[in-house]
Amino acid sequence: MKNKIEKVLTDIDEITKNYKNQKVKLVAVSKKKPVSEILKAAKLGIKNFGENYLQESLPKIANLRDEKIIWHFIGKIQSNKCKDIAENFEWVHTLDRLKIAEKLNKYVPKGKKLNTLIQINLDHDENKGGIDKENLDDFLCELKKLENLSFRGLMIMPSVEAKENELTLLYKEAFLLADKIYLSEKNKIELSMGMSQDFKIALKEGSTIIRIGTGIFGERQ
Ligand SMILES: *Cc1c(COP(=O)(O)O)cnc(C)c1O
């Protein structure tokens, strides 16, 4: 695992060294991996971890309370899971429904802000979540009214069949969307894009958060 992490960190440095403003957050995606593996990665310096399934993540989070881990929820959000997500996670990457946003907002504990990314479905892939880009402005406008959520940027999840040139186009489009928001908000807009197979492409196109599972932990069963 040490070599894998070092490799990813070196790749990040290599690709972003000419872009001083591109500070990259590495999220280790620990779905289907046991507490012992997460602990090992944490001891190697990883601070951000991503989980997809609430049921699976809760015992892990409880177990690792003392590790100062920053937890990212990157799975599909079901309405009846909002309370646990709002209480146990610092980041949510997959927000795509206002009803869910309102529910999360309601359950965020006092004194906490939940960092949220809006998931955009740029390739109109019906097998996954995300809003259409045409709805982004309206969605963001409503989202900003929810005082316990802190809007931090966009998340993109390409369809699994996308080829390298298609990914590049998709990521360029995502960057332009994020940049447009940046110009009106004047706040840093995070861009969560790139996984083990394609994070180098994503970083070249301006990604600021990459979500790496197999590239750190090895294959999942
Ligand atoms: C599983 C998953 C990842 C990590 O995928 P790898 O290919 O193992 O790096 C990243 N993002 C999301 C949303 C995932 O579900």
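Provided above is the structure to which this section pertains.
What counts, and where the lines are drawn
- Residues numbered from 1 in each chain as written.
- Predicted model: local features only at pLDDT ≥ 70, side-chain atom pairs only at ≥ 80, totals over all residues.
- Heavy atoms only, no water.
- 1 Å grid on protein atoms, 1.4 Å probe; cavity = no way out; pocket = protein on both sides within 12 Å on 5 of 7 lines; lining within 4 Å.
- Points joined across faces, edges and corners; volume = space filled by probe spheres on them.
- Nonpolar A, V, L, I, M, F, W, Y, C, P; charged D, E, K, R; others polar.
- Helix = DSSP H or I, 4+ residues; strand = E, 2+ residues; numbered from the N terminus.
- Buried < 20%, exposed > 50% of the residue type's maximum accessible area, 1.4 Å probe, protein only.
- Arc of directions from axis to C-beta.
- Core = buried A, V, L, I, M, F, W, Y, C linked by side-chain atoms within 4.5 Å.
- Contact = heavy atoms within 4.5 Å.
- Near = heavy atom within 4 Å.
- Polar contact = N/O pair within 3.5 Å; in protein donor to acceptor, adjacent residues only side chain to side chain.
- Areas by Shrake-Rupley, 256 points an atom, 1.4 Å probe, with all protein chains shown as cover.
- Sits in = over half its atoms within 2 Å of the grid points.

Student: Before we move on, could you go through the layout of surface pockets and cite the residues and values that matter?
Tutor: Summary: where empty space remains is shown by rolling a probe the size of a single water molecule over the atoms. Of the voids in this model, the largest pocket is the one considered here, and its volume is about 1000 Å³. Along the wall of the largest pocket there are 38 residues; nearest its centre are Lys-31, Asn-52, Ile-74, Met-157 and Met-195. Here the residues of the lining of the largest pocket sort into 14 nonpolar, 13 polar and eleven charged. In this structure, the second largest pocket spans a volume of roughly 420 Å³. In this structure, the second largest pocket is lined by 14 residues; those nearest its centre are Asn-21, Phe-175, Ile-189, Gly-206 and Thr-208. Only α7 (164-185) and α8 (199-204) provide two or more residues apiece to the lining of the second largest pocket.

Student: How would you explain helix α6 (residues 136-143) if you had to name every residue and give the values?
Tutor: All buried positions along α6 are accounted for by Leu-136, Phe-139, Leu-140 and Leu-143. Across the axial projection of α6, the buried residues extend over an arc of 95°, all falling on one side.

Student: Tell me about the nonpolar core, residues and numbers included.
Tutor: Ranked by internal contacts, the top residues of the largest apolar core, which has 62 residues, are Phe-49, Leu-104, Ile-118 and Leu-154. The element best represented in this core is α7, accounting for seven residues. In contact with Leu-154, other than residues within four places in its own chain, are Leu-117, Ile-118, Ile-120, Leu-136, Ala-174, Leu-177, Ala-178, Ile-181, Glu-190, Leu-191 and Ser-192. Formed by five residues, the second largest nonpolar core is a distinct cluster that contains Val-27, Leu-117, Met-155 and Ile-209.

Student: Lay out the site of the ligand in plain terms, naming residues and giving numbers.
Tutor: Surveying the vicinity of the ligand reveals 13 residues, the closest of which are Lys-31, Asn-52, Ser-196, Arg-211 and Gly-213. A distance of 2.8 Å is found between a nitrogen atom of the ligand and a side-chain nitrogen or oxygen belonging to Arg-211. The separation between an oxygen atom of the ligand and a polar main-chain atom of Thr-214 is 2.9 Å. About the coverage of the ligand: the protein hides 90% of its 390 Å² of free accessible area. Applying the majority rule of atoms within 2 Å of the grid points places the ligand in the largest pocket.

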